[in-house]
Amino acid sequence: AYAGWTYLTHHWEALITPTIAFAVPLGSLVDRLGRRRTMMLGAVVCGIGAAGTPLFAGSALITPWFFLLGLGWCAGFVGGTSMLADVTTALERGR
């Protein structure tokens, strides 16, 4: 179990990179497609990444699945954050 965890830590960049690199472009997508649609699209992409990840555990082929997982998570996070911003006032957001 520990060896597997050590191996996966070498591929964490594939999970983290889309969450950082695609936050701004996904924000534009949220404005164009809408919050709910972007969140649903993110859930589908995240689900595909989550389904493929265990199939390639212990292999370098896990990297694209981690990337999809991170990209889908980012779409859901940006869409959800935008939804919350829509229903709160500026004074409430900073608390």
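Residues numbered from 1 in each chain as written. Predicted model: local features only at pLDDT ≥ 70, side-chain atom pairs only at ≥ 80, totals over all residues. Heavy atoms only, no water.

1. Notes on the confidence of the model for the protein
- Summary statistics for the protein give a mean pLDDT of 85 and a share of 88% for residues scoring 70 or more.
- Within the protein, the element-level pLDDT minimum falls on helix H1 (residues 2–9), averaging 54, and the maximum on helix H4 (residues 35–52), averaging 95. (pLDDT = per-residue confidence, 0-100. Helix = DSSP H or I, 4+ residues; strand = E, 2+ residues; numbered from the N terminus.)

2. A word on the pattern of salt bridges
- All told, the structure shown has two salt bridges when counted by the stated rule.
- In this structure, Arg-35 engages Asp-31 in a salt bridge whose closest nitrogen and oxygen atoms are separated by 3.2 Å.
- Accessibility expressed as a relative area gives 59% for Asp-31, which makes it exposed.
- With a relative accessible area of 22%, Arg-35 lands in the partly exposed category.
- Via salt bridges that share partners, Asp-31, Arg-35 and Asp-86 belong to a single interconnected network. (Salt bridge = Lys/Arg side-chain N within 4 Å of Asp/Glu carboxyl O. Buried < 20%, exposed > 50% of the residue type's maximum accessible area, 1.4 Å probe, protein only.)

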